[in-house]
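Now for the letters of each chain:
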2 protein chains.
Amino acid sequence: MQQGTLGEVGEFGLIKVLTGGLPRTPAVQVGPGDDAAVVAAPDGRVVATTDVLLEGRHFRRDWSTAYDVGRKAAAQNLADVAAMGAAPTALLLGLVAPADLSVTWAGELMDGLRDECQVAGAAVVGGDVVRGDTIMVSITALGDLQGRAPVTRSGARPGDVVAVAGWLGWSAAGLAVLSRGFRSPRAFVEAHRRPEPPYHAGPAAATLGATAMMDVSDGLVADLGHIAAASGVHIDLRAERFDVPAQMADIGHAVGVDPMQWVLTGGEDHALVATFPPDADLPARWRRVGQVLKAATTPDGGRVTVDGAPWTTAGGWDHFGD
Amino acid sequence: MQQGTLGEVGEFGLIKVLTGGLPRTPAVQVGPGDDAAVVAAPDGRVVATTDVLLEGRHFRRDWSTAYDVGRKAAAQNLADVAAMGAAPTALLLGLVAPADLSVTWAGELMDGLRDECQVAGAAVVGGDVVRGDTIMVSITALGDLQGRAPVTRSGARPGDVVAVAGWLGWSAAGLAVLSRGFRSPRAFVEAHRRPEPPYHAGPAAATLGATAMMDVSDGLVADLGHIAAASGVHIDLRAERFDVPAQMADIGHAVGVDPMQWVLTGGEDHALVATFPPDADLPARWRRVGQVLKAATTPDGGRVTVDGAPWTTAGGWDHFGD
């Protein structure tokens, strides 16, 4: 890894570090270094999503390594692609960073992006670097539908089952641990630093008839609220269907939080949640957690209940709220 | 336009303002509001590019309106798509903004993005908003090659002619005017605030056999240096081939700058520069400005000359340099 700061190596030196040794997949026809990348889109449609991560708001350099920030930044975008039922193909990076940032940090960020792309089957194809006071990582991910119809938020129908693939509450429990100055249990801290979205579960769900799908980024109840609103339905979850691992319960006990709160409202694990027709043979990795009912809002105006009652302390994350 | 600040309307209120009334083109199959957008890619390949604009570095709120920032942010990305020989199809926005920013500013930024997209034939299809201290606009643009081979930087061959479409030096002259506290001549100030890339000239050049192409964002000499390096050639420009409008000469006289400096090294007009085989019948809007020679570096190590000599004061823009 090259020594020095971004200010010392300059824009073109930094680009050389970032793009050096990037693996190419067969989908990459023109990679980094030209005005734009060219990526195969064999389906004839391309899925595209973008997310911005800001230092201090989405990550802290004392809690996460540059590598972890890269993994997480890529994961949350690639999960959005999978949540449409598409296979991720490519990723672009916009990086704002201070001139005194070490080249090593930037290189390790790129290592994280590259490795997470590899897990999802995608490749880093381009980007832009700009000097600024705060680190900002802006990611765009692309994907291919491989002939499937995109699975939106609006297709859930009364009678459908609600199912989840991936982890729930692990990142939130890990954040609770870190916030109190601890570094263990390690599995939860790692889950916060580096989520593991079930990428392949997205296309699998689309193939098996999922009627609506999202990735869980704001919390399960909040995100299901978006599906319920877009589909004009009500969704009821069954609490007993959710696993609370013993270690998560221990953390909850230690910090005075009901761990179901993390499971139902914690974001950032980037699990996938989908609705399926009642007779669907749920694909592997998907577990049933509730059902879709006719539209009926709860007393507090919500559209999602747990065992028939509002989850009162539920709440998503409003980026401009306090 | 809605009143108040981003903090007052919150994340979802802001998203409603930004996405309300966005026009859709036939290419948009799933627009804003889902996990990801779905955009037609009939060619079977997609062209993708990303750029970040930072307040204070790429724009100033006292020099440019939010609408102009939107136009410019979209233009520089859509021009990169055109420079590959592709037709722009879609644009995604990542916006970091302080909670005390007015909703009106954000709405006008989106108006600018939307209108520039319309000029280029594209549509805004998605985005992300995050609260932060400084305004940051991150744009990703997508495009379709419509069956053409992408025109990269590496295909220029000795004997090719060098040609330019669009404006050169206007933005730099406008910046010189603004930097000295003036607001006129208006045409140059407007050119700085709102570049007008010749979008259609990109695909036209690709159709007519362009061997290499770029959009001029760092200055003509610097950007041709990239083509010369990637293609392993030398490029010689003819000074007499460039128009210096009388008003630009007047500004140069007033501020003590040789206007050819703006023409040859000013970026941000997002003109297109391309190389064509010697017998090419140059498409409309393209004017010949030089020729491609066998590789031979100048005494200062450069690969681009003007009338056979290095353009000594030439220099691109290094985002991490001082």
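Residues numbered from 1 in each chain as written. Chains lettered and ligands numbered in written order. Predicted model: local features only at pLDDT ≥ 70, side-chain atom pairs only at ≥ 80, totals over all residues. Heavy atoms only, no water.

Visitor: Would you mind going over the packing of helix 4 (residues 170–179) of chain A against helix 5 (residues 186–193) of chain A with me for this structure?
Guide: Each pair of packed helices gets described by two things: the angle between the helix axes and the distance between those axes. All names here are of chain A. Direction vectors running N to C along helix 4 and helix 5 enclose 110°, while the axes themselves pass 7 Å from each other. Taken together, the axis directions place helix 4 and helix 5 in an arrangement best described as roughly perpendicular. Two secondary-structure elements touch here, helix 4 through W170, S171, A173, G174, L175, V177 and L178 and helix 5 through A187, F188, V189, A191, H192 and R193. Residues of the contact of helix 4 with helix 5, tallied by class, amount to 9 nonpolar, 3 polar and 1 charged. (Axes fitted to C-alpha atoms, helices over the stretch in contact; angles between N-to-C directions. Helix = DSSP H or I, 4+ residues; strand = E, 2+ residues; numbered from the N terminus. Parallel < 35°, antiparallel > 145°, perpendicular 65-115°, else oblique. Contact = heavy atoms within 4.5 Å. Nonpolar A, V, L, I, M, F, W, Y, C, P; charged D, E, K, R; others polar.)

Visitor: I tried to follow the sheet that holds strand 13 (residues 309–310) of chain A on my own but got confused; where do I start?
Guide: Consider a sheet: its strands pair through backbone hydrogen bonds, and that pairing is either parallel or antiparallel. All names here are of chain A. Spatially, 8-10-7-11-9-12-13 is the arrangement adopted by the 7 strands of the open sheet, whose pairing is mixed. Of all strands in the sheet, those with a lone pairing partner are strand 8 (212–215) and strand 13, marking the two edges. This element, helix 7 (residues 220–231), spans strand 7 (161–165), strand 8, strand 9 (233–237), strand 10 (272–276) and strand 12 (304–306) of the sheet and lies at about 150° to strand 9. (Pairing = 2+ DSSP bridges.)

Visitor: Could you clarify how one ought to interpret the interface of chain B and chain A in this entry?
Guide: How big an interface is tends to be expressed through the accessible area that disappears when the partners come together. With 67 residues of chain B at the interface, the matching set in chain A holds 67 residues. Approximately 5100 Å² of surface area, both sides summed, lies buried where chain B meets chain A, with 60% of it carried by carbon and sulfur atoms. Applying the counting criterion to the chain B and chain A interface returns 4 salt bridges. Notably, a salt bridge pairs D35 of chain B with R153 of chain A, separated by 3.2 Å at the nearest N-O pair. The tally of links from chain B across to chain A stands at 20 residue pairs in polar contact (both at pLDDT 80 or more). Elements that contribute at least two residues to the side of chain B that touches chain A include exactly helix 1 (6–19), strand 1 (28–30), strand 2 (37–40), strand 3 (45–54), strand 4 (87–97), strand 5 (123–131), strand 6 (136–144) and strand 8 (212–215) of chain B. Tallying contributions element by element places strand 3 of chain B first for the side of chain B that touches chain A, with 9 residues. A per-class count over the side of chain B that touches chain A returns 36 nonpolar, 17 polar and 14 charged. Relative to strand 2 of chain B, strand 3 (residues 45–54) of chain A runs antiparallel, the two sharing 4 bridges. Each bridged residue has a counterpart across the sheet, and for R45 of chain A the counterpart in strand 2 of chain B is A40 of chain B. (Buried area = accessible area lost by both parts, 1.4 Å probe. Salt bridge = Lys/Arg side-chain N within 4 Å of Asp/Glu carboxyl O. Polar contact = N/O pair within 3.5 Å; in protein donor to acceptor, adjacent residues only side chain to side chain.)

Visitor: How should the relation of the copies chain B and chain A be read in this particular structure?
Guide: One copy of the chain maps onto the other through a rotation about an axis plus a displacement along that axis. Once chain B has been moved 0.0 Å along the axis and rotated by 180°, it coincides with chain A to within an RMSD of 0.0 Å. Such values leave the two copies arranged in the relation of a two-fold axis. By C-alpha distance to the rotation axis, the residue of chain B lying nearest is G44 of chain B, at 2.5 Å. Take the interface residues of chain B: 100% of them recur as interface residues in chain A, which is what a same-surface contact looks like. (Least-squares fit on C-alpha atoms with pLDDT ≥ 70 in both.)

Visitor: How should the sheet that holds strand 3 of chain A be read in this particular structure?
Guide: Read across the open sheet, the 6 strands follow the order 5(A)-4(A)-6(A)-3(A)-2(B)-1(B); overall the sheet is mixed. This sheet does not close on itself; its edge strands, each paired only once, are strand 5 (123–131) of chain A together with strand 1 of chain B. Averaged over all adjacent pairs, the angle separating strand axes in this sheet is 25°, with direction ignored. Across 8 bridges, the pairing between strand 4 (residues 87–97) of chain A and strand 5 of chain A is parallel. Bridge assignment links V96 of chain A to a residue of strand 5 of chain A, and that residue is V130 of chain A. The sheet strands contacting helix 2 (residues 66–82) of chain A are strand 3, strand 4 and strand 6 (136–144) of chain A, and the helix crosses strand 3 of chain A at an angle near 150°. The strands that helix 3 (residues 103–120) of chain A touches are strand 4, strand 5 and strand 6 of chain A; relative to strand 4 of chain A, the one it contacts most, it runs at about 170°.

Visitor: Even after reading the chapter, I still don't get helix 4 (residues 170–179) of chain B, so can you show me in this structure?
Guide: For an α-helix the count is 3.6 residues per turn, leaving residues at separations of three or four pointing the same way. Residue and element names in this part refer to chain B. Extensive coverage of helix 4 is indicated by the burial of 8 of its 10 residues. Among the residues of helix 4, those classed as buried are W170, S171, A172, A173, G174, A176, V177 and L178. Against the buried residues of helix 4 lie helix 5 (186–193), helix 8 (246–255) and helix 9 (259–265). Taken from the residues just after helix 4, G181 is the one with a positive phi, measuring 85°. (Buried < 20%, exposed > 50% of the residue type's maximum accessible area, 1.4 Å probe, protein only.)

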